[in-house]
Amino acid sequence: MKRFSFPKSRRLVTNRQFEAVLARKLRVSDGLLTLYMAENDCGYPRLGVSVAKSCGNAVVRNRLKRLLRESFRQSRDEIPAGFDYLLMVSQQWTKKVEQSAGLGKDVKRLTYERVRSSFLALVDTAAKKGAANGG
RNA sequence: AGAGCGGGUCGGACGGUCGCUCCCGCACUUAUUUUAAGGUGUACUAAAGUGAGCUAAAGUUAAAAGUGAGCUAAAGUGAAAAAAUAAUCCACAACUUUAGGCACUUCAAACUUUAGGCACUUUAAUAGGUGCGGGUGAGGAAAGUCCGAGCAGGACAGGGCACGGUGGUGGUUAACGGCCACCCGGGGCAACCCGCGGGAAAGUGCCGCAGAAAACACACAGCCGAUGACCGCUAUAUACGGAACAGGCAAAGGUGAAAAGGUGCGGUAAGAGCGCACCGCAAAGCUGGUGACAGUUUUGGCAGGGCAAACCCCACCGCCUGCAAGACCAAGAAGCUGGUGCCCGGCCCGGGCGUUACCGGCGGGUAGGUCGCUUCCCGAUUCAUCGGGAGAGCUAAUCGGCAACGGUUAGUCAAGUUAAAUGGCCGUCGUCCCGUCAUAAUCGGCGGGAUACAGAACUCGGCUUAUAGGCCCGCUCUUUUA
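Residues numbered from 1 in each chain as written. Chains lettered and ligands numbered in written order. Predicted model: local features only at pLDDT ≥ 70, side-chain atom pairs only at ≥ 80, totals over all residues. Heavy atoms only, no water.

This brings us to the nonpolar core. Residues Leu-33, Leu-35, Met-37, Phe-72, Tyr-85, Leu-87 and Phe-119 are the most contacted members of the largest nonpolar core, which totals 26 residues. Sorting the residues of this core by element identifies β1 (26–29), β2 (33–39), α2 (58–73), β4 (83–89) and α5 (112–134) as the ones contributing at least two each. When residues no more than four places from it in sequence are discounted, the contact partners of Met-37 are Val-21, Arg-24, Leu-26, Phe-83, Asp-84, Tyr-85, Val-123, Ala-126 and Ala-127. If you look at the next biggest cluster of nonpolar residues, it comprises six residues, including Phe-18, Val-21, Tyr-36 and Leu-86. (Core = buried A, V, L, I, M, F, W, Y, C linked by side-chain atoms within 4.5 Å. Buried < 20%, exposed > 50% of the residue type's maximum accessible area, 1.4 Å probe, protein only. Helix = DSSP H or I, 4+ residues; strand = E, 2+ residues; numbered from the N terminus. Contact = heavy atoms within 4.5 Å.)

Spelled out as structure tokens, the structure:
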């Protein structure tokens, strides 16, 4: 298995998988992203992405999803395996952007590095929180 | 050169690196398939048969000749085998044959065949995974889902009414509410643009505010008051004057989108198509045009408000639901109730299905996968292939047509996802704008900014809307130069 590949088996595909992650209720968020985590039996991490219609039109949503996927793909070595991750754009960010200016422009300025650092920080706090709850 | 009109077209490019979708090839790997075939094994099963030893009898002892008794059963031949006469068949020596008995010993041991089962295995097919290599991947609007088709289901998709849509004329097309050409009305000096552009003389309905009045004009304010009546003066009056009772009028005023054609002259008590001229209108005729319509002549003093995007009338068109259509597989479920006819669901005709199974309603359950689906079909095969046919497919050229469009020829086949691929990062360049440096000016150098609208979801033909910045073609007007 190559290091950065991201085949279909590494994604959450069915509705049940999504519901399972949500049911675990391990949720953290910052001003940009919202992350749900749940343990799985696969031995490798899996990702689901959910971007609501309120984030913008189809082009904007596609760009957001690609950024989220990309940050997961290139962070595989830095996050704990054996978890399902469900990434969303947080409502805070959507509201803030709507008020300030045009949504499209802000999405365009939103860089990959910003998303990735936010994602890693969230994973860190979520893992701690999960450990505290579990043990 | 400036201002403008119409149409077409592009909608960033290249490289590096890490990924994604689908397809093809190779390798490895996992699983499934025995209603894909073969092989091996098997004390797995079933059926059928053989079967040693034993007993008895007969026969032969090189072949030939010959013999085949007895008991029982079967087959063949034949009319008959309770006819072994002929023919046929079979057996006959380190024994053979035939027949029989038995269940003593061995004994579901051994062998053969058939059928099935199981296991292993080879090949094959299918599916998944991994790796390597190769190919492939958003738009002019993919959007809105507004029209028109294909396709699918409703048994068939038929007729009428209802309902809905369209609405100048003629073409074009698979079809259209699209497109083209023309007509009419309006706008612009012009290129050109705009128009839901049938019928208000079939009927019904509505017409706010303003205004006297919004539709049998029944006239607010007003004008006249010739004629008749009244009053005054006078002479008793038909003369003169007054008032405005009867009566006449619709010109001027104001309201409005709209108030019984417009302008001028005549005419009158005042007025009026009352008369005349020109314009407008209507009817009839003639000419031109496929037609919408246009031109023209004659006649009529003049029809009669607006709204049909109110109902309606006329002509033409239209069954309904939509790929979440629909088909198959898997999984799952709990029934209850109503009807005897039910269905084509707005209704009728007409038709179809069924006769104890169907159908309707409520409730419950599943909501995963494959196909549809991305050019399709057929054949060949050396397998990223080749050939043929079909497609309202796409792109050129050419011919016909004012054009939309059509014919012919050649080339070409171009994403196929489904929590939804077509991307992330970096570099170089392009285009436009701003600042600055330099220059007579342009070109140019440096720095900064911008690079739109927008993401396929069954497929086509249109329409509409969004769009940074370009490029090309044709045309109009004004100015200057030649």
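On to a positive patch on the surface, then. A cluster of like positive charges, contributed by Lys-8, Arg-11, Arg-66 and Arg-69, occupies part of the molecular surface. Mapped onto the elements of the fold, Arg-69 is located in helix α2. (Patch = residues over 30% accessible without salt bridge, like charges linked within 9 Å, V, L, I, M, F, W, Y side chains within 5 Å. Areas by Shrake-Rupley, 256 points an atom, 1.4 Å probe, with all protein chains shown as cover. Salt bridge = Lys/Arg side-chain N within 4 Å of Asp/Glu carboxyl O. Lys, Arg positive; Asp, Glu negative; His and termini not counted. Charge placed at Lys NZ, Arg CZ, Asp CG, Glu CD.)

The pairing of strands in a sheet happens through backbone hydrogen bonds and is either parallel or antiparallel. Sheet architecture is open: four strands sit in the order β1-β2-β4-β3, paired in mixed fashion. The outermost strands of the open sheet, each flanked by one partner alone, are β1 and β3 (46–50). Neighbour to neighbour, the strand axes of the sheet diverge by 20° on average, direction disregarded. Relative to β2, β1 runs antiparallel, the two being bridged by four bridges. Bridge pairing links Leu-26 to Met-37 in β2. Contacting β2, β3 and β4, α2 runs over the sheet at an angle of about 160° to β3. (Pairing = 2+ DSSP bridges. Axes fitted to C-alpha atoms, helices over the stretch in contact; angles between N-to-C directions.)

As for its placement among the helices and strands, Thr-34 is situated in strand β2. Classification of Thr-34 as buried rests on a relative accessible area of 7%. When neighbours within four sequence positions are excluded, Thr-34 is seen to be in contact with Arg-27, Val-28, Ser-29, Leu-86, Leu-87, Met-88 and Ser-90.

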